[in-house]
Amino acid sequence: CYSISKFTQHKQVKHSLLDIISKSEFTSPQFFETEVDISRCDWHLATSFNREWVLHIKDFLFNDMLEIYKNLGYDGFTLQEIWFQQYLTGSEHGWHTHSSNFTNVYYLELPETASKTQIIVPWDQKTVIEIDVKEGDILSFPSFVIHKGPKNLSSEKKTIVSYNTNLTFSDNLYNTYLGDS
């Protein structure tokens, strides 16, 4: 129920993107009853697509996403929200879902010892899978899948870019598959 792809421009943008993010407006949400303790994020600006760091990677990231979604059988997508999250030692983001077609996570900074995204398998709602992602990967999955960013036990910072998308497709494509004309 998920797809892992490489962000083709990761090595070219990593350091400049981290530098821009380090100077960006952020909050540090903490809701301990729901295991939310994120060191830095700009979720409160998620629908503003004119932030400097978003403009810095938008074209590269969206070209890769278009290719990913085409490989999954869709024509394209629209961006609903995009934000960064940084996890210092002890930071976490408890179980949650999103409200879009797909949730996507770009692992901008992922030390080997940092926690990785976990999902609950949607067909049994019991099995937990830790996704084997690496720095530079893009993880995409349906937004209804329950997932979490477990507590970062690493002494190093983890940085992700998360974004929600809605998919588009051509009726003609599926009419052809179904024998309609």
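As the structure is a computational prediction, the values presented were derived from the model and not from experiment.

1. Here's the deal with the overall build of the chain
Then comes step 1: When you go through the chain residue by residue, the secondary structure sums to three helices and 12 strands.
Then comes step 2: The globule rule puts the C-alpha radius of gyration for 181 residues at 16 Å, and the 17 Å found for the chain is close to it.
Then comes step 3: With the C-alpha coordinates of the chain rotated into their principal frame, the extents come out at 60 × 40 × 30 Å.
Then comes step 4: With 181 residues in all, the chain has 51% of them scored as buried.

2. Description of the side chain of Glu-92
Then comes step 1: Secondary-structure assignment places Glu-92 in strand E6 (residues 92–96).
Then comes step 2: The buried charged residue Glu-92 lacks any salt bridge, with Lys-151 as its nearest oppositely charged partner at 4.1 Å.
Then comes step 3: Once residues lying within four places of it in the same chain are set aside, the contact partners of Glu-92 are Glu-35, Val-36, Asp-37, Ile-38, Tyr-87, Gly-149, Pro-150 and Lys-151.

3. Quick look at the pairing of strand E10 (residues 137–142)
Then comes step 1: Burial of E10 is extensive: six of the six residues sit out of reach of the surface.
Then comes step 2: Here four bridges tie strand E1 (residues 3–6) to E10, and the two strands are oriented antiparallel to one another. By the bridge assignment for E10, Lys-6 is matched with Asp-137.

4. Points about the packing of aromatic side chains
Then comes step 1: Evaluated as defined, the whole model comprises six aromatic pairs.
Then comes step 2: Aromatic side chains Phe-62 and Phe-77 sit 5.6 Å apart centroid to centroid with 85° between the ring planes, which places their arrangement in the edge-to-face category. In this pair, Phe-62 sits in helix H2 (residues 52–71) while Phe-77 sits in strand E5 (residues 76–87), placing the two residues 15 residues apart along the sequence.
Then comes step 3: On the numbers, 5.6 Å between centres and 65° between planes, the contact of Tyr-69 with Phe-102 is edge-to-face. Of this pair, Tyr-69 sits in helix H2 while Phe-102 is found in strand E7 (residues 102–109), placing the two residues 33 residues apart along the sequence. Phe-102 matches Tyr-69 in its accessibility class, with the two residues each being buried.

5. With respect to the nonpolar core
Then comes step 1: Judged by nonpolar contacts, the single largest core of 25 residues is most densely connected at Trp-53, Leu-61, Met-65, Ile-82, Tyr-106, Ile-138 and Tyr-163.
Then comes step 2: For this core, the secondary-structure elements that each account for two or more residues are helix H1 (10–22), H2, E5, E7 and strand E12 (158–168).
Then comes step 3: The greatest single-element share of this core, amounting to eight residues, is contributed by H2.
Then comes step 4: For Tyr-163, the contacting residues outside a window of four places in its chain are Leu-61, Met-65, Leu-79, Glu-81, Ile-82, Trp-83, Phe-102, Thr-103, Asn-104, Tyr-106 and Ile-138.
Then comes step 5: Counting 15 residues, the second-largest nonpolar core is a separate cluster that includes Val-105, Ala-114, Val-133 and Leu-139.

6. A closer look at unusual backbone geometry
Then comes step 1: Backbone geometry at Glu-35 places phi at a positive 55°, although glycine is not the residue there.
Then comes step 2: In this structure, Glu-35 sits in the loop between strand E2 (30–31) and strand E3 (36–37).
Then comes step 3: The phi dihedral of Gln-125 is positive, around 55°, even though this residue is not glycine.

7. Some thoughts on the environment of Gln-125
Then comes step 1: Locating Gln-125 in the fold gives a position in the loop between strand E8 (118–120) and strand E9 (128–130).
Then comes step 2: Given the relative accessible area of 44%, Gln-125 is considered partly exposed.
Then comes step 3: Remark: the alpha-carbon pair of Gln-125 and Glu-112, spanning 13 residues in sequence, is separated by 28 Å.
Then comes step 4: The contacts of Gln-125, once residues within four sequence positions are left out, are Ile-120 and Ile-146.
Then comes step 5: Here the side chain of Gln-125 touches Pro-122 through a polar contact of 3.2 Å, landing on its backbone oxygen.

So, how was this worked out
Residues numbered from 1 in each chain as written. Predicted model: local features only at pLDDT ≥ 70, side-chain atom pairs only at ≥ 80, totals over all residues. Heavy atoms only, no water. Helix = DSSP H or I, 4+ residues; strand = E, 2+ residues; numbered from the N terminus. Rg over C-alpha atoms; globule rule 2.2 N^0.38 Å. Buried < 20%, exposed > 50% of the residue type's maximum accessible area, 1.4 Å probe, protein only. Lys, Arg positive; Asp, Glu negative; His and termini not counted. Salt bridge = Lys/Arg side-chain N within 4 Å of Asp/Glu carboxyl O. Contact = heavy atoms within 4.5 Å. Pairing = 2+ DSSP bridges. Phe/Tyr/Trp six-rings, centres within 6.5 Å; stacked < 30°, edge-to-face > 60°. Core = buried A, V, L, I, M, F, W, Y, C linked by side-chain atoms within 4.5 Å. Polar contact = N/O pair within 3.5 Å; in protein donor to acceptor, adjacent residues only side chain to side chain.

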